[in-house]
Amino acid sequence: MVGSRKDFIQSELLVIRYLRGDEEAFEELVHLWRQPLFYYIRRVVDTEQDAWDTMQETWLTVSQKARRLREPAAFPAWLYKIARNAAIDHARKNRAFAPLPEEKSTMSTRASDTEQISLALDAERLHWGLAQLAPLHREVLILHFLEGFSLAEISDVTRVPLGTVKSRIHHAKQALRNVLEREAS
Amino acid sequence: MNWEQLRKQVFGLETTTPELKEEFETALRQILLSPLKPWERAAAVALVPFGFLLTGFCALSLLMKPDVFSTLIQAQVVLAALVGMLLAGWALRVLRTGRHLRNRLLFPSVAFGLFVAMIVISIALTGSVELDLLAATMLIGFVFVWERVEVAELRIRETALRQELQLIELTDCVAELRDEKHVSGDLNQTDPQCEPQ
């Protein structure tokens with residue numbers, strides 16, 4: 001499962017092996033990213049069937065375009081960008097990815113935010129809380145806190161400016177906190 | 001509970017239907033087995049007869065009318081026949097395996113080797129080399145060197161990453177060991193599990 005620096009190194013090593021011509025590395029790459037990628041996709045599309053279809057389209061695109069990837073370290077963001085595009089196609093059909101009103105705040109997000117969010121959280125509450133959020137809020141929280149992407153990478157994946165990503169994360173955290181507090185009370 | 005454990009637990013909460021997962025696995029195997037696009041397959045199919053025809057034409061030309069060609073042209077026709085065989089062999093292998101030959105140095109190496117061979121033959125037989133041939137060889141040589149540099153960069157990056165990974169694993173191992181020894185009170189014992197591999 002991907003998330004820590006060690007996981008990202010292993011992922012990059014697999015990408016390098018694949019770029020050098022090792023076909024087995026592709027299968028290992030799929031295995032390494034399967035769970036986090038599926039979790040992300042499942043939060044964007046409506047049904048499980050759509051999620052598996054999106055996974056399939058994503059890896060098909062990766063297998064066809066991987067040679068164009070010039071920087072192996074950029075693979076995770078590239079992978080999620082492909083997955084996001086495929087997922088949005090499915091989601092658009094069901095109008096699940098309606099855009100949010102523009103946020104004006106440009107709050108910064110610090111590393112300690114992870115601890116702030118994790119306070120008194122357990123996995124099931126977080127999983128449930130994420131499901132209650134608006135799609136775009138849910139997306140940035142998953143990418144940043146669960147998938148371990150930097151703000152710049154999220155900006156790349158979601159194709160929005162860095163400031164918007166910061167503000168979206170700030171609002172998403174507030175929304176998640178509100179949801180969890182409401183549920184607790 | 002730390003954040004890493006929480007994250008893993010959250011991912012683990014995602015439920016999946018075994019049948020749909022199996023469908024995905026099957027589709028993935030198809031992706032892995034046959035990544036050839038239709039036009040790539042068509043190109044490979046066309047290359048097989050082309051390669052054999054080229055080889056046959058060159059061989060027949062040399063056998064039927066050997067006196068028509070100069071020695072230099074004859075040598076180049078032999079090379080062309082060789083190219084035809086290589087093309088047909090490559091296309092047949094692509095069709096048989098249903099996938100690209102992903103060794104990125106293969107084509108530049110073969111092309112560069114053929115052009116160098118043509119120059120060597122030219123110099124050996126006539127004592128000179130045509131500028132066009134020299135320019136083409138240099139151009140292909142540039143592509144060949146470029147590919148080699150990129151592959152070398154990937155190898156260097158791979159080596160650096162492997163060392164970083166080893167360092168992280170050693171650090172984790174030492175940290176775990178330290179925690180265990182703090183609990184057991186034995187700080188002088190060494191553990192072979194943390195030996196670098």
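Cut-offs used in this document
Residues numbered from 1 in each chain as written. Chains lettered and ligands numbered in written order. Predicted model: local features only at pLDDT ≥ 70, side-chain atom pairs only at ≥ 80, totals over all residues. Helix = DSSP H or I, 4+ residues; strand = E, 2+ residues; numbered from the N terminus. Buried ≥ 20, exposed ≤ 12 C-beta atoms within 10 Å, placed from the backbone. Contact = placed C-beta atoms within 7 Å. Nonpolar A, V, L, I, M, F, W, Y, C, P; charged D, E, K, R; others polar. Axes fitted to C-alpha atoms, helices over the stretch in contact; angles between N-to-C directions. Parallel < 35°, antiparallel > 145°, perpendicular 65-115°, else oblique. Expected span 1.5 Å × (residues − 1). pLDDT = per-residue confidence, 0-100.

### Let's talk about the overall build of chain B
Phase 1 of the analysis: Along the backbone of chain B there are six helices and zero strands.
Phase 2 of the analysis: Starting at the N terminus and ending at the C terminus, chain B contains elements arranged as α-α-α-α-α-α.
Phase 3 of the analysis: Out of the 197 residues belonging to chain B, those deemed buried represent 9%.
Phase 4 of the analysis: Within chain B, contacts between residues separated by at least 24 positions form 67% of all contacts whose residues are at least 6 apart in sequence.

### Side note on the interface of chain B and chain A
Phase 1 of the analysis: Opposite the 32 residues of chain B that make contact, chain A presents 40 residues.
Phase 2 of the analysis: When contributions to the side of chain B that touches chain A are tallied by element, the ones reaching two or more residues are α1 (3-12), α2 (18-33) and α6 (131-184) of chain B.
Phase 3 of the analysis: Class assignment of the residues belonging to the side of chain B that touches chain A gives a composition of 17 nonpolar, four polar and eleven charged.

### Remarks on the packing of helix α2 (residues 24-44) of chain A against helix α7 (residues 135-146) of chain A
Residue and element names in this part refer to chain A.
Phase 1 of the analysis: Two numbers describe how α2 lies on α7: the axes approach to 9 Å, and their chain directions differ by 170°. Taken together, the axes of α2 and α7 lie roughly antiparallel to each other. Together, Tyr40, Arg43 and Val44 of α2 and Pro135, Arg138, Glu139 and Ile142 of α7 make up the contact between the two elements.
Phase 2 of the analysis: Split by residue class, the contact of α2 with α7 holds four nonpolar, no polar and three charged.

### A few points about helix α1 (residues 5-19) of chain A
Phase 1 of the analysis: For α1 of chain A, spanning 15 residues, the distance from its first C-alpha to its last is 21 Å, which sits close to the expected 21 Å at 1.5 Å a residue.
Phase 2 of the analysis: Considered for burial, the residues of α1 of chain A that qualify are Ser11, Glu12, Leu13, Leu14, Val15, Ile16, Tyr18 and Leu19 of chain A.

### Quick look at the packing of helix α8 (residues 151-158) of chain A against helix α9 (residues 162-184) of chain A
Residue and element names in this part refer to chain A.
Phase 1 of the analysis: Viewed as axis vectors pointing N to C, α8 and α9 meet at an angle of 105°, and their least axial separation amounts to 9 Å. Between α8 and α9, the angle is such that the two are roughly perpendicular. Counting all contacts with α8, which are made through Leu151, Ala152, Ile154, Ser155 and Thr158, the residues of α9 involved are Leu162, Val165 and Lys166.
Phase 2 of the analysis: A class-by-class count of the residues in the contact of α8 with α9 yields five nonpolar, two polar and one charged.

### A look at the confidence of the model for chain B
Low-pLDDT stretches of the model should not have their predicted coordinates read in fine detail.
Phase 1 of the analysis: With 87% of its residues at a pLDDT of at least 70, chain B reaches an overall mean of 81.
Phase 2 of the analysis: Listed scores for the predicted complex are pTM 0.69 and ipTM 0.72.

### Observations regarding the environment of Ile31 of chain B
Phase 1 of the analysis: Structurally, the position occupied by Ile31 of chain B is in helix α2.
Phase 2 of the analysis: When residues no more than four places from it in sequence are discounted, the contact partners of Ile31 of chain B are Trp59, Leu60 and Ser63 of chain A.

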